[in-house]
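These are the residues of each chain, in order.
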Amino acid sequence: VAKFPAEDPRRQIQVNFDQRTQARLRLIEGQPQAALSIARAELDRLGKLTLPTDNAGAQRMMRNVLRFNLSIGATAALQLDRAVEAEAMIRQWQAIPADDRSTNFDPRDLEARSSTLLAHAIALQGRGEEARTALAPALAYYRQQQEDGAKGTSFRGDLAYALYVSALTRAPGEKERMQQLAEAKRVLDGASAEARQLSDFRDLYGWIAAARSGGKA
């Protein structure tokens, strides 16, 4: 922030950079309510900013910051069973144009991630068929990566999550549901011992176990 001139609108966008870090840390620590509160506050603040339409750098930065906060907020809302709020955030996220200049993320990965989150939110509201439709492109993308030999930690987490969400679109006890939950667990089991201790993996293991036992998914 200090590198930007005083009048640069990017100062206003990035002034709460540390809050975004805190929101992600709260998720890792298993505090979704704290993460959601931070994301909501930051989204509200950003929504009140007026940026010059001819400042491409500021506009691009705003889109990226909004995308980050919406992803954190939606993930936290899902963990809190606030599916309606999560769906609204994800749809807002998906309406933001992809950053085709980014060298940090593949836009296809972000698109697949948002589609999986959206399908999860829809499935939690009992709209199974709609959730399967929303999930289909993401699951196809992960299956193609799998066929191409993908085995990395991030890939395993993404595929296992998509399989878990796909299972949620099926009725409890349905054969395909149980098969997908079993496959999701096998995908996670294939990761290293260190990777299986990541908070995302621990959460997924818990959700899969609950869904397989017929409890709250």
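See above for the structure.
Residues numbered from 1 in each chain as written. Predicted model: local features only at pLDDT ≥ 70, side-chain atom pairs only at ≥ 80, totals over all residues. Heavy atoms only, no water.

(A) Quick look at the packing of helix α7 (residues 128–147) against helix α8 (residues 153–168). Orientation of α7 relative to α8, taken along the N-to-C sense of each, is 140°, at an axis distance of 10 Å. It follows from the interaxial angle that α7 and α8 lie oblique. As α7 runs across α8, the sense of the crossing is left-handed. From α7, L135, L139, Y142, R143, Q145 and Q146 reach across to α8, where they touch F155, D158, L159, A162, L163, V165 and S166. (Axes fitted to C-alpha atoms, helices over the stretch in contact; angles between N-to-C directions. Helix = DSSP H or I, 4+ residues; strand = E, 2+ residues; numbered from the N terminus. Parallel < 35°, antiparallel > 145°, perpendicular 65-115°, else oblique. Left-handed = near helix turned anticlockwise from the far one by under 90°. Contact = heavy atoms within 4.5 Å.)

(B) Representation of the environment of R82 in the model. By the secondary structure assignment, R82 is in the loop between α4 (56–79) and α5 (83–94). Separated by 42 residues in the primary sequence, R82 and L124 place their C-alpha atoms 8.9 Å from one another. Setting aside chain neighbours within four positions, we find R82 in contact with Q33, L36, R40 and A77.

(C) Structural detail: the layout of surface pockets. If you add up the space inside the largest pocket, you get close to 1,600 Å³. S71, W93, F105, L110 and R113 are the residues nearest the centre of the largest pocket, which is lined by 48 residues in total. Within the residue set of the lining of the largest pocket, elements represented by two or more residues are α2 (17–28), α4, α5, α6 (107–124), α7, α8 and α10 (199–213). By residue number, the principal contributor to the lining of the largest pocket is α4, which donates 11 residues. (1 Å grid on protein atoms, 1.4 Å probe; cavity = no way out; pocket = protein on both sides within 12 Å on 5 of 7 lines; lining within 4 Å. Points joined across faces, edges and corners; volume = space filled by probe spheres on them.)

(D) Looking closely at the packing of aromatic side chains. Taken as a whole and assessed by the stated rule, the structure comprises 3 aromatic pairs. Centre to centre, the rings of Y141 and Y142 are 5.8 Å apart; their planes meet at 45°, and the pair counts as tilted. Classification of Y141 as buried rests on a relative accessible area of 17%. Residue Y142 is classed as buried on the basis of its relative accessible area of 2%. Three or more aromatic residues link up through ring pairs in this structure, and these residues are Y161, Y164 and W207. One Lys or Arg, R20, reaches over the ring of F68 and ends 5.9 Å from the middle of that ring. (Phe/Tyr/Trp six-rings, centres within 6.5 Å; stacked < 30°, edge-to-face > 60°. Buried < 20%, exposed > 50% of the residue type's maximum accessible area, 1.4 Å probe, protein only. Lys NZ or Arg CZ within 6 Å of the ring centre and 35° of its normal.)

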